[in-house]
Amino acid sequence: MKIISVIGARPQFVKAGPLSKALRRAGHHEVIVHTGQHYDAAMSDQIFADLEIPAPDYNLDVRSGSHGAQTGKMLAALEAVFQDEQPDLVIVFGDTNTTIAAALAAAKLHQKVLHIEAGLRSFNRTMPEEVNRVLTDHCADLLFAPTDTAVENLAREGLAHRTYRVGDIMVDSLMDRLEIARERSDILERIGVEEGTYYLLTLHRPYNVDDPQRLGAMLDALGRLGSPVVFPAHPRTRAVLEQHHIAVPDTVHLLEPQGFLDFVRLEHGATKILTDSGGVQKEAYILGKPCLTLRPETEWVETVEAGWNVLADPEADGFADLVASFQPEGPQPDLFGRDVAEEMVRCIERVMDAPHIACADAR
Ligand code: UD1
């Protein structure tokens with residue numbers, strides 16, 4: 001089969017890594033298209049290198065812009081690539097502007113679309129990602145849902161007949177790279193923190209970072225936690241910090257965005273993880289790290305129900321106590337599966353000729 005994988009933003013590189021390997025192992029012809037939504041070396045090239053993803057066949061170099069301008073540029077450029085390549089299947093990942101642009105371009109050309117990480121919902125339409133997810137799911141022919149909740153969400157929207165429960169591809173990315181990260185990464189020595197003594201922080205959601213007052217107040221609260229906080233800052237966050245001269249407390253180690261191996265090493269060595277990223281919540285769960293999600297809602301409700309993730313607001317009273325006291329107990333249910341990439345390839349091969357069969361648990 002000729003399959004186009006469309007990626008453009010950091011979390012998509014992480015998801016595409018293991019699937020690309022599995023598709024090629026199975027003898028499929030994969031064409032990688034990078035939209036260029038993320039373009040800094042640390043956000044893109046280093047992640048490709050760390051996950052051993054082949055160089056993209058196309059780089060559309062779209063870069064930043066307003067949502068409409070960025071998505072529109074991608075739509076036009078992707079349409080031209082899809083027309084030239086005439087793939088059997090277009091694969092899109094997650095919920096970024098790259099995802100909706102690719103799904104829409106392919107659907108308009110009557111090319112088959114597979115959405116990986118389908119069915120996630122925050123039920124918060126002010127998030128650009130929520131709009132992207134809902135529309136992508138409704139454009140796509142095949143929906144690979146990572147969790148039972150995602151399967152239920154899709155069924156509620158009348159999409160059960162296109163849905164397959166195949167596990168979460170990020171398990172493979174993490175499990176494949178964890179040992180290598182522990183062996184090769186010297187990030188802890190380089191930044192001078194010791195294993196098991198620090199919190200790891202990521203923040204990039206517009207809701208948290210675009211308002212300088214909120215960002216400043218959050219950092220203030222995070223600086224008063226009593227333990228070092230390691231903070232690899234997304235370019236969006238860094239730009240607000242610099243533009244508004246927001247003071248970063250001494251206990252917060254502000255870093256550049258990290259490559260995948262260094263970031264996994266930081267996750268593995270942290271006592272707890274504080275984040276507004278969807279992917280990082282999942283990685284925390286898989287690594288058995290308590291996670292505090294700095295958002296009013298999460299798409300990964302199973303991790304909260306299992307007791308390993310809690311929603312928290314740094315501006316709320318009692319935040320420091322919550323961070324200090326949050327300690328999950330008991331076993332962790334297997335929420336996300338294992339060897340997911342191979343399972344996905346088998347599922348693609350099985351259903352491509354008969355895509356509209358009833359919702360199946362492919363595991
Ligand atoms: C995007 C995704 C989000 C995902 C996140 C992960 C959308 C709507 N959002 O958010 O779902 O969780 O990526 O990182 O697609 N920038 C750089 N260098 C880069 C990339 C971005 O400086 O390599 C700057 C841009 O100038 C822009 C800002 O970061 O101002 C935001 O980038 P953008 O791609 O619009 O969205 P993200 O916030 O990264």
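Residues numbered from 1 in each chain as written. Predicted model: local features only at pLDDT ≥ 70, side-chain atom pairs only at ≥ 80, totals over all residues. Heavy atoms only, no water.

1. As for the pairing of strand E10 (residues 252–255)
Inclusion rule: For two strands to pair, DSSP has to find at least two bridges joining them. Secondary structure elements follow DSSP: runs of H or I of four or more residues count as helices, runs of E of two or more count as strands, with numbering from the N terminus. Place the viewer so that the strands point away; then a crossover is right-handed whenever the path from the first strand over the helix to the second strand goes clockwise.
Sheet topology note: the strand E9 (residues 229–232)/E10 ladder contains 4 bridges and is parallel. Of the residues in E10, the one forming a bridge with Val230 is His253. At this point the chain moves from E9, through helix H11 (residues 235–243), to the parallel E10, and the crossover so formed is right-handed.

2. Things to note about the packing of aromatic side chains
Note the threshold: Aromatic rings from Phe, Tyr and Trp, taking only the six-membered ring of Trp, are treated as a pair when their centres fall within 6.5 Å; an angle between ring planes under 30 degrees marks them as stacked, one over 60 as edge-to-face, and anything in between as tilted. With a 1.4 Å probe rolled over the protein chains alone, any residue whose accessible area is under 20% of its type maximum counts as buried; one over 50% counts as exposed, and the rest are partly exposed.
This structure, assessed with the given rule, holds 4 aromatic pairs. Judged by centre distance (6.2 Å) and plane angle (80°), the ring pair of Phe144 and Tyr164 falls under edge-to-face. Separated by 20 residues along the polypeptide, Phe144 in strand E6 (residues 142–145) and Tyr164 in strand E7 (residues 163–165) bring together distant segments of the chain. Its relative accessible area of 1% is what places Phe144 among the buried residues.

3. Some details on the pattern of salt bridges
We count it as follows: Every case where a carboxyl oxygen of Asp or Glu lies within 4 Å of a side-chain nitrogen of Lys or Arg is listed as a salt bridge.
Taken as a whole and assessed by the stated rule, the structure comprises 30 salt bridges. When the shortest N-O distance is used, the salt bridge between Glu299 and Arg295 registers 2.8 Å. On the basis of relative accessible area, Arg295 is assigned to the buried category, the value being 4%. Here the salt bridges share partners, and the residues they tie into one network are Asp95, Glu130, Arg133, Arg295, Glu297 and Glu299.

4. Here we look at the packing of helix H1 (residues 10–25) against helix H7 (residues 169–184)
Definition in use: Axis definition: a line fit to C-alpha positions, over the contact stretch in the case of helices; interaxial angles, taken between N-to-C directions, run 0 to 180 degrees. By the definition adopted for this analysis, an angle is roughly parallel if under 35 degrees, roughly antiparallel if over 145, roughly perpendicular if from 65 to 115, and oblique otherwise. By the convention used here, residues are in contact when the closest approach between their heavy atoms is within 4.5 Å. Residues are grouped as follows: Ala, Val, Leu, Ile, Met, Phe, Trp, Tyr, Cys and Pro are nonpolar; Asp, Glu, Lys and Arg are charged; all remaining types, including Gly, are polar.
H7 packs onto H1 with a crossing angle of 80° between their chain directions and a minimal axis gap of 8 Å. On the basis of the axis angle, H1 is roughly perpendicular to H7. Across the interface between the two elements, Val14, Lys15, Pro18, Leu19 and Lys21 of H1 pack against Ile169, Met170, Asp172, Ser173, Asp176 and Arg177 of H7. Partitioning the contact of H1 with H7 into residue classes produces 5 nonpolar, 1 polar and 5 charged.

5. Observations regarding the site of the ligand
Keep this limit in mind: Nearness is judged by heavy atoms alone; a residue qualifies as near a molecule or strand once a single heavy atom is within 4 Å of it. Each polar contact in these results corresponds to two N or O atoms within 3.5 Å; when the atoms are within protein, one needs to be able to donate a hydrogen and the other to accept it, and residues that are neighboring in sequence are counted only if both atoms are side-chain atoms. Note on areas: Shrake-Rupley, 1.4 Å probe, and residue coverage restricted to the protein chains presented here.
Taken together, 18 residues surround the ligand, and among them Gln37, His38, Asp40, Ser64 and His234 come closest. Within the contact set of the ligand, an oxygen atom lies 2.7 Å away from a side-chain nitrogen or oxygen of His234. For the ligand, whose unbound accessible area comes to 740 Å², protein coverage reaches 85%. Elements with a minimum of two residues in the shell around the ligand: helix H3 (67–85), helix H5 (128–139) and H11.

6. Regarding the pairing of strand E5 (residues 113–116)
Neither face of E5 is open: one carries Val113 and His115, the other Leu114 and Ile116, and all of them are buried. Sheet topology places strand E4 (residues 89–93) next to E5; 4 bridges connect them, and they run parallel. Residue Val92 lies in a different strand from E5, and its bridge partner there is His115. Each parallel crossover has a hand, and for E4 linked through helix H4 (residues 97–108) to E5 it is right-handed. Where E5 and E6 come together, 3 bridges link them in parallel fashion. Opposite Leu114, over in E6, you have Leu142 as the bridge partner. In this fold, the crossover linking E5 to E6 by way of H5 has right-handed handedness.

7. Section: the sheet that holds strand E13 (residues 309–311)
Across the sheet, 6 strands lie side by side as E10-E9-E8-E11-E12-E13; this open sheet has parallel pairing. Each edge of the sheet is formed by a strand with only one pairing partner; in this case those strands are E10 and E13. Mean inter-strand twist for the sheet, computed between neighbouring axes without regard to direction, equals 20°. Packing of helix H13 (residues 278–287) onto the sheet brings it into contact with strand E8 (199–202), strand E11 (272–275), strand E12 (291–293) and E13, and relative to E11 it is tilted by some 165°.

8. Regarding the nonpolar core
Put simply, the test is: Residues grouped as a nonpolar core are buried Ala, Val, Leu, Ile, Met, Phe, Trp, Tyr and Cys residues, joined through side-chain atoms within 4.5 Å.
By size, the foremost hydrophobic cluster in this structure holds 76 residues, and its most contacted members are Leu19, Leu78, Phe82, Ile91, Ile116 and Phe144. Other than its neighbours up to four places away in sequence, Ile116 contacts Leu19, Ile91, Val92, Phe93, Gly94, Phe144, Ile169 and Met344.

9. As for H13
With 10 of 10 residues buried, H13 is to be regarded as a mostly interior element. Along H13, the residues that are buried comprise Gly278, Gly279, Val280, Gln281, Lys282, Glu283, Ala284, Tyr285, Ile286 and Leu287. Capping the start of H13, Ser277 holds a side-chain oxygen 3.2 Å from the backbone nitrogen of Gly279, two or three residues further along. Downstream of H13 by one or two residues, Gly288 has phi in the positive range, about 75°.

10. Comments concerning H7
In plain terms, the rule: Here a helix's expected span is defined as the number of its residues, less one, multiplied by 1.5 Å. The seven residues ending at a residue and the seven starting there each receive a fitted axis; the angle between those axes is the bend at that residue.
In this model, H7 (16 residues) spans 23 Å end to end at C-alpha, consistent with the 22 Å of a helix rising 1.5 Å per residue. Where H7 bends most, the angle comes to about 40°, and this point is Arg177. What H7 keeps buried is the set Ile169, Met170, Val171, Asp172, Ser173, Leu174, Arg177, Leu178, Ile180 and Ala181. Among the structural elements, H1, helix H2 (45–50), E5, helix H12 (260–269), H13 and helix H16 (340–351) are those in contact with the buried residues of H7.

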